Amino acid sequence: MKTHKLNKLSDIDWTTWKPVDLATLLFVLRGDEVLLIRKKRGLGAGLINGPGGRLDPGETPREAAIREVQEELAVTPHAPRWLGEHRFQFRDGYSLYVHVFTSDSFEGEATETDEAVPLWVHRDAMPYDEMWVDDRHWLPLLLAGQRFSGHYIFDEQVMVDMHIHVLGSTEPDGDVGVRRLAVDVQST
């Protein structure tokens, strides 16, 4: 696939699409506040997002989500709830499948680490201008407790095309899908 020519989602056969990496995002909720991070390194360094990262071999998405929050913020979320998935295709060839979780129970105090600076933000004051541009489209769904599935094309940090589908409450939980995708991840 000549990824630099990607202009719209229909340029990709999503039935055979394979991500380079599997990853997670986990948004810890405390009343009307959401725990976000300012990333210090990696994809999206300098931007604000939820804590998360790539799955380690043999890890479930939930295990990875919990581990990533612990590593990035020294907080342990309890009983993460799967709310969505993202399929990101970048024009440079990189692709990423992301499971998105929330948790409203945790222990520990959010602490700055080598990876991230913690930010408690009121849910009505999301700093969308400092986040990935797609966040303003799906994060309100997450905060409303709605499940979703998103497809995106990016050229570096510029979103080229997107579609978000709101899932019904009868959709299977996210761990089912990752077992299938884990087999199909591209070799690096």
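Above this text you will find the structure in question.
Residues numbered from 1 in each chain as written. Predicted model: local features only at pLDDT ≥ 70, side-chain atom pairs only at ≥ 80, totals over all residues. Heavy atoms only, no water.

Quick look at unusual backbone geometry now. At A74, a position not held by glycine, the phi torsion is positive, near 60 degrees. With respect to the helices and strands, A74 occurs in the loop between helix 1 (61–73) and strand 5 (76–78). A74 gets classed as partly exposed once you look at its relative accessible area, which sits at 41%. One non-glycine residue, A79, lies in positive phi territory at about 45 degrees. Owing to a relative accessible area of 69%, A79 belongs among the exposed residues under this scheme. (Helix = DSSP H or I, 4+ residues; strand = E, 2+ residues; numbered from the N terminus. Buried < 20%, exposed > 50% of the residue type's maximum accessible area, 1.4 Å probe, protein only.)

Before going further, it helps to spend a moment on the side chain of T24. With respect to the helices and strands, the residue T24 is situated in strand 1 (residues 21–30). Discounting chain neighbours no more than four positions away, the residues touching T24 are P51, G52, G53, L55, P61, A64, A65, E68, V98, H99 and F101. (Contact = heavy atoms within 4.5 Å.)

What follows is about the side chain of T102. Along the chain, T102 turns up in strand 7 (residues 95–103). Those residues in contact with T102 that sit more than four places away from it in its chain are F27, L29, A79, P80, R81, L83 and L142.

Within the largest apolar cluster, 31 residues are counted, with the highest numbers of intra-cluster contacts made by F27, W138, L139 and L142. Listed by contribution, the elements that provide at least two residues to this core are strand 1, strand 2 (33–39), strand 6 (81–90), strand 7, helix 2 (135–143), strand 10 (147–155) and strand 11 (158–167). A total of 5 residues in this core trace back to one element, the largest contributor, which is helix 2. Once you skip the residues sitting within four places of it in the chain, W138 turns out to touch L25, F27, H86, V100, F148, Y152 and I164. Counting 13 residues, the second largest nonpolar core, distinct from the first, contains I37, V75, F101 and L167. (Core = buried A, V, L, I, M, F, W, Y, C linked by side-chain atoms within 4.5 Å.)

What follows is about the packing of aromatic side chains. This model, assessed by the stated rule, comprises 10 aromatic pairs. Aromatic pair F106 and W120: ring centres 5.8 Å apart, planes at 35 degrees, arrangement tilted. Remark: W120 occurs in strand 9 (residues 116–122) and F106 occurs in strand 8 (residues 105–107); sequence separation between them is 14 residues. Ring geometry for W132 and F154: centres 5.4 Å apart, planes at 90 degrees, overall edge-to-face. Here the residue W132 occupies a position in the loop between strand 9 and helix 2, and F154 occupies one in strand 10, the gap between them amounting to 22 residues. On the basis of relative accessibility, which here comes to 11%, the residue W132 falls in the buried class. Taken together, the ring pairs connect F88, F90, Y94, W132, Y152 and F154 into an aromatic cluster. Against the face of W120 rests R30, its NZ or CZ located 3.7 Å from the ring centre. (Phe/Tyr/Trp six-rings, centres within 6.5 Å; stacked < 30°, edge-to-face > 60°. Lys NZ or Arg CZ within 6 Å of the ring centre and 35° of its normal.)

When you line up the elements, H165 lands in strand 11. The partly exposed category is assigned to H165, whose relative accessible area is 42%. Distance from H165 to S149, taken between C-alpha atoms, is 5.2 Å for residues 16 residues apart in sequence.

With that settled, the discussion passes to the pattern of salt bridges. Per the counting criterion, the structure on display carries 13 salt bridges. Between R30 and E33 there is a salt bridge; the shortest N-O distance is 2.7 Å. You can call E33 partly exposed: its relative accessible area is 25%. E85 is the salt-bridge partner of R87, the closest N and O atoms lying 3.1 Å from each other. Across the pair, exposure class does not vary: R87 and E85 are buried alike. (Salt bridge = Lys/Arg side-chain N within 4 Å of Asp/Glu carboxyl O.)

In short, geometric facts, not functional conclusions.
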